Number of protein chains: 2
Amino acid sequence: MKKIEGGVCAPAGFRANGVHCGIRKNKTKRDLSLIVSDVRCAAACVYTQNLVKGAPIAVTKRHVADGYAQAIVCNSGNANTCNADGEQIAEGMCSLVEKYSGISAQDVVVASTGVIGQPLSLEPIAAGMEPLVKGLSEDGSLSAAQGIMTTDTVDKQVAYTFTVGGKECRIGAIGKGVGMINPNMATMLIFVTTDAAISPSMLQKALSADVKDSFNMVSVDGDTSTNDMVCVLANGLAGNPEITESGKDFTVFRKALNKVTTNLCRKIAKDGEGATKLLECKVTGAKTKQAAKTVAKSVIKSSLFKAAMFGADANWGRVLCAIGYSGANVDVSKVDVDFKSRAGVLEVCRGGSGIPFSEDEAKNILSQDEIEVLIRLNDGNGKATAWGCDLTYDYVKINGDYRT
Amino acid sequence: MKKIEGGVCAPAGFRANGVHCGIRKNKTKRDLSLIVSDVRCAAACVYTQNLVKGAPIAVTKRHVADGYAQAIVCNSGNANTCNADGEQIAEGMCSLVEKYSGISAQDVVVASTGVIGQPLSLEPIAAGMEPLVKGLSEDGSLSAAQGIMTTDTVDKQVAYTFTVGGKECRIGAIGKGVGMINPNMATMLIFVTTDAAISPSMLQKALSADVKDSFNMVSVDGDTSTNDMVCVLANGLAGNPEITESGKDFTVFRKALNKVTTNLCRKIAKDGEGATKLLECKVTGAKTKQAAKTVAKSVIKSSLFKAAMFGADANWGRVLCAIGYSGANVDVSKVDVDFKSRAGVLEVCRGGSGIPFSEDEAKNILSQDEIEVLIRLNDGNGKATAWGCDLTYDYVKINGDYRT
């Protein structure tokens, strides 16, 4: 498995583009993106579990109900959620794709991200669709990645090659965060493309299993968005024998998918709103895997722990506190905690009690931009990793006046 | 029921004091408090449900197991939690109370609040106990309230009179917040005194029922502390016929207790770490009371909603979002939302969709220091109120470097 360039256009037969159509006031920010495949693709999606769902989700569900799709259209700047005419607008976006690309509206996945509860006009999208389609290219992953960004500070792309049935396949993705991010089935918007041949049902199986350990283990702020969606399109152009059941090929595909999703988890957590640090919480020795996940998520979501990491303060008591209220069955008298970064490892807690450490060393280790919190529960074999970020002044600033 | 002065010393037969004994470095901050009754009291407590519990909680549980106590000792500046010798130190604090006051150590409730995981020395407490006991007075509620403050910016006291069985009774309390505050059985430290006569079992019944609608409905930061405790002492000196069963007298007592606890809920939320605003979320029309509570708590805990309130931004989509991921069974197409303050009422959402409003009016209404979020689910008779505060730069500042 090798990392390559090209994002969603790395797999054969995919083109992409992103333009500024006018949903956002800032003309230098792209706000409409399109990804298309030369041929129809097996399609799999997972969606937010928020009861308040963006209108595009209802439309996408109908369009992929048959297991296939050929394009993904997504705007930023407006979530098209809590609007009376939301589904009509989302269907309209798909029809505009059909009008200019010839791809059936029924084969279009549609997504929106931005402010909730403001009417979304089709006008700018109608005006932008022609240049958007005309500009589709195999080099278009970056502009597509930019077109779906909201408060993201960097575009998020990744791609890998892997081999299935003797054929080299490619898998790529773009994603956006970076607020209202909290594990609950699917978080954020993630669009994955692959030229591997795989049946719709096996693609869905792979995706549904993957998100449990990848995107569902990311939290930026504990708020589960209304518009989260992860979508994978597989067009089969790599020519491998179609994956239709579990086995060696499926295992390879799942590994490749997990490489892409884990990479994006780290990118999204690191670019969390206002974040200065990526926090990675690795829990081992839990009674069960679920207990490990519960503990890892509880720690990564603690506002107090996140603020301490912003201040490079080795306040491990807050880690213990978050373990204690997580709801997982933990013997707190067995818990060990270390902080780790590229500057070294700091041992802070053994058997549930503090041990002496150098505050200077602590500052040095915690001042890096990627921090691992290593929690050993010493009570079984369950393990899990969760990703998050620190809580900073800028998070408050970004969210104190997001709409204006 | 009338509000009166005097805090925990308002009821007959209670004295209190707070001193600086040296646990905190800042000599102007009191760090050790004592409340005593002239006679033994019926005692009831509720504790944090965090698995990581402060050592004082284990000791207090043993001391009130017989339903009685006569004194409460509490230090700030150190939580005495995750320390190998924690219980020994907590017992030592009670023995020191016995040594200087004559009250049996077995009748002492002990509490600690502050940093987790730093050893607590008995030395300063031993040195401070004599002046602490000598200075006990009927005017001591303020100094006792100050002695338990951590990041609190104001002392928290309240007292009311009420009538039971023809006798005037008094109930008073002191409390401290204001971080690591999240509903889970009991939150924060609250010490309530009353001169009403009530049996230990009825006192416990009243307290356990009350916290479900009072302290369990407060959230400052979503972190459930390791040391939370609410303790009520009832010394019976008002001379009313002892309340030993449900009925009119018990109902009056519960109302008086609820006056005190609700008052402290608002005080603690308003003084939440870094807070500039008290947020009060009132949910009506829920399918069940539990659904109303779940929705109210979800909204009050949302970091995005809290940051929007800091910015006086009427971003009601975040309220809908938090309702949607709360886990409660809600028909989102029926939801109405208003924002209310002393400056007026702003209608923002009807039937799950946005309605036009004036941004100027919104700014004006949301710039007040007490904001009500009124949510009507229009789907039943369940209702609930939750209290919280905005998320500000200062929350991050306070918690970015708490230990140093």
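Cut-offs used in this document
- Residues numbered from 1 in each chain as written.
- Chains lettered and ligands numbered in written order.
- Predicted model: local features only at pLDDT ≥ 70, side-chain atom pairs only at ≥ 80, totals over all residues.
- Helix = DSSP H or I, 4+ residues; strand = E, 2+ residues; numbered from the N terminus.
- Rg over C-alpha atoms; globule rule 2.2 N^0.38 Å.
- Buried ≥ 20, exposed ≤ 12 C-beta atoms within 10 Å, placed from the backbone.
- Contact = placed C-beta atoms within 7 Å.
- Least-squares fit on C-alpha atoms with pLDDT ≥ 70 in both.
- Expected span 1.5 Å × (residues − 1).
- Pairing = 2+ DSSP bridges.
- Axes fitted to C-alpha atoms, helices over the stretch in contact; angles between N-to-C directions.
- Nonpolar A, V, L, I, M, F, W, Y, C, P; charged D, E, K, R; others polar.
- Domains from an automatic or database assignment.
- Parallel < 35°, antiparallel > 145°, perpendicular 65-115°, else oblique.
- Left-handed = near helix turned anticlockwise from the far one by under 90°.

1. Section: the overall build of chain A
Moving on, step 1. Looking only at helices and strands, chain A has 11 helices and 15 strands in total.
Moving on, step 2. The C-alpha atoms of chain A give 21 Å as radius of gyration, which agrees with the globular expectation for 404 residues (22 Å, within 12%).
Moving on, step 3. Taking the principal axes of its C-alpha atoms as reference, chain A extends roughly 65 × 50 × 35 Å.
Moving on, step 4. Put simply, chain A has 404 residues, and 63% of those count as buried.
Moving on, step 5. The long-range fraction of contacts in chain A, counting pairs at least 24 apart against all pairs at least 6 apart in sequence, stands at 81%.

2. Some thoughts on the relation of the copies chain B and chain A
Moving on, step 1. With an RMSD of 0.0 Å, the operation that places chain B on chain A is a rotation of 180° combined with a shift of 0.0 Å along the axis. Such a turn and shift between the copies fits a two-fold axis. No C-alpha of chain B approaches the rotation axis more nearly than that of Y393 of chain B, which lies at 2.5 Å.

3. Some details on helix α6 (residues 248-270) of chain A
Moving on, step 1. The end-to-end C-alpha separation of α6 of chain A is 33 Å, in line with the 33 Å expected for 23 residues at 1.5 Å each.
Moving on, step 2. For α6 of chain A, the secondary structure elements touched by its buried residues are β6 (156-164), β7 (167-176), β8 (189-194), α5 (200-213), β10 (278-286) and β15 (382-389) of chain A.

4. A few points about the sheet that holds strand β11 (residues 336-341) of chain B
Residue and element names in this part refer to chain B.
Moving on, step 1. Spatially, six strands are ordered β13-β12-β11-β14-β10-β15 in an open sheet, and the strand pairing comes out mixed. Two strands in the sheet have a free side with no partner beyond their single neighbour: β13 (353-354) and β15 (382-389).
Moving on, step 2. Looking at chain direction, β11 and strand β14 (residues 370-376) are connected through five bridges and run antiparallel. From the neighbouring strand, V337 faces β14, where its bridge partner is I375.
Moving on, step 3. Relative to the sheet, helix α6 (residues 248-270) contacts β10 (278-286) and β15, its axis offset from that of β15 by approximately 40°.

5. Digging into the interface of chain B and chain A
Moving on, step 1. Contact residues are listed per partner, giving 51 residues for chain B and 51 residues for chain A.
Moving on, step 2. Among the secondary structure elements, those contributing two or more residues to the side of chain B that touches chain A are α8 (303-310), α9 (317-324), β13 and α11 (393-400) of chain B.
Moving on, step 3. It is α9 of chain B that provides the largest number of residues to the side of chain B that touches chain A, a total of six residues.
Moving on, step 4. For the side of chain B that touches chain A, the per-class residue count stands at 23 nonpolar, 23 polar and five charged.

6. Describing the domain arrangement of chain A
Residues and elements named next belong to chain A.
Moving on, step 1. Domain parsing of chain A yields domain 1 (2-268) and domain 2 (278-400).
Moving on, step 2. The C-alpha-based centres of domain 1 and domain 2 are spaced at 32 Å.
Moving on, step 3. Of the residues lining the interface, 10 residues belong to domain 1; the matching set on domain 2 comes to 14 residues.
Moving on, step 4. Among the residues forming the side of domain 1 that touches domain 2, the class breakdown is five nonpolar, four polar and one charged.

7. A closer look at the pairing of β6 of chain A
All names here are of chain A.
Moving on, step 1. Of all nine residues in β6, seven are buried; the element is thus mostly enclosed.
Moving on, step 2. Both strand β1 (residues 2-3) and β6 contribute to a ladder of two bridges, which runs antiparallel. Counterpart to K3 in the pairing with β6 is Y160.
Moving on, step 3. Here nine bridges tie β6 to β7, and the two strands are oriented antiparallel to one another. The residue of β7 that forms the bridge with K156 is G175.

8. Quick notes on the packing of helix α2 (residues 86-101) of chain A against helix α3 (residues 123-134) of chain A
All names here are of chain A.
Moving on, step 1. Their axes nearest at 9 Å, the elements α2 and α3 cross at an angle of 40°. Overall, the two elements α2 and α3 adopt an arrangement that is oblique. For α2 against α3, the interelement crossing comes out right-handed. Only I125, A126, M129, E130 and V133 of α3 make contact with α2, whose side of the interface consists of M93, L96, V97, Y100 and S101.

9. Quick word on the sheet that holds β15 of chain A
Residues and elements named next belong to chain A.
Moving on, step 1. Strand order across the open sheet formed by six strands is β13-β12-β11-β14-β10-β15, with mixed pairing between neighbours. Looking at strand neighbours, the two that pair on one side only are β13 (353-354) and β15, the edges of this open sheet.
Moving on, step 2. In this structure, strand β12 (residues 344-350) lies alongside β13, joined through two bridges in antiparallel fashion. From the neighbouring strand, R350 faces β13, where its bridge partner is S353.
Moving on, step 3. Sheet contacts for helix α7 (residues 289-301): β10, β14 (370-376) and β15; angle to β15, the most-contacted strand, approximately 20°.

10. With respect to the environment of N315 of chain A
Residues and elements named next belong to chain A.
Moving on, step 1. Topologically, N315 is positioned in the loop between α8 (303-310) and α9 (317-324).
Moving on, step 2. With 26 C-beta atoms counted inside 10 Å, the residue N315 sits in the buried group.
Moving on, step 3. With 33 residues separating them in the primary sequence, N315 and V348 have C-alpha atoms 9.0 Å apart.

11. Some remarks on the pairing of strand β7 (residues 167-176) of chain B
All names here are of chain B.
Moving on, step 1. With eight of 10 residues buried, β7 is to be regarded as a mostly interior element.
Moving on, step 2. Linkage of strand β6 (residues 156-164) to β7, two consecutive antiparallel strands, is achieved through a turn of two residues, within which G165 is found at a positive phi near 55°.
Moving on, step 3. Pairing between β7 and strand β8 (residues 189-194): six bridges, direction antiparallel. The residue bridging I171 from the neighbouring strand is T194, located in β8.

12. Quick word on the packing of helix α11 (residues 393-400) of chain A against α8 of chain B
Moving on, step 1. Here α11 of chain A crosses α8 of chain B at 75°, and the two axes come no closer than 7 Å. Classified by the angle their axes make, α11 of chain A and α8 of chain B are roughly perpendicular. Together, V396, N399 and G400 of chain A of α11 of chain A and L304, A307, A308 and F310 of chain B of α8 of chain B make up the contact between the two elements.
Moving on, step 2. Within the contact of α11 of chain A with α8 of chain B, the residues separate by chemical class into five nonpolar, two polar and no charged.

13. Describing unusual backbone geometry
Moving on, step 1. In this model, A312 of chain A sits at a positive phi of 50°, which is unusual for a non-glycine residue.
Moving on, step 2. Tracing the sequence through the fold places A312 of chain A in the loop between α8 and α9.
Moving on, step 3. A positive phi angle, close to 45°, is found at N80 of chain B, a residue other than glycine.
Moving on, step 4. As for its position among the elements, N80 of chain B is in the loop between β4 (68-76) and α2 (86-101).
Moving on, step 5. Assessed through the 30 C-beta atoms surrounding it within 10 Å, N80 of chain B is described here as buried.

14. Observations regarding the environment of C389 of chain B
Moving on, step 1. Along the chain, the position of C389 of chain B falls in strand β15.
Moving on, step 2. Taking the C-alpha atoms as reference points, C389 of chain B and N50 of chain B, 339 residues apart in sequence, are found 22 Å from one another.

15. Overview of the environment of T276 of chain B
Residue and element names in this part refer to chain B.
Moving on, step 1. By the element assignment, T276 lies in the loop between α6 and β10.
Moving on, step 2. The exposure class assigned to T276 is partly exposed, which follows from the 17 C-beta atoms found within 10 Å.
Moving on, step 3. Each C-alpha atom, one on T276 and one on Q106, is 42 Å from the other, the two residues being 170 residues apart in sequence.
Moving on, step 4. Setting aside residues no more than four positions away along its own chain, T276 makes contact with F310, D369, D390 and T392.

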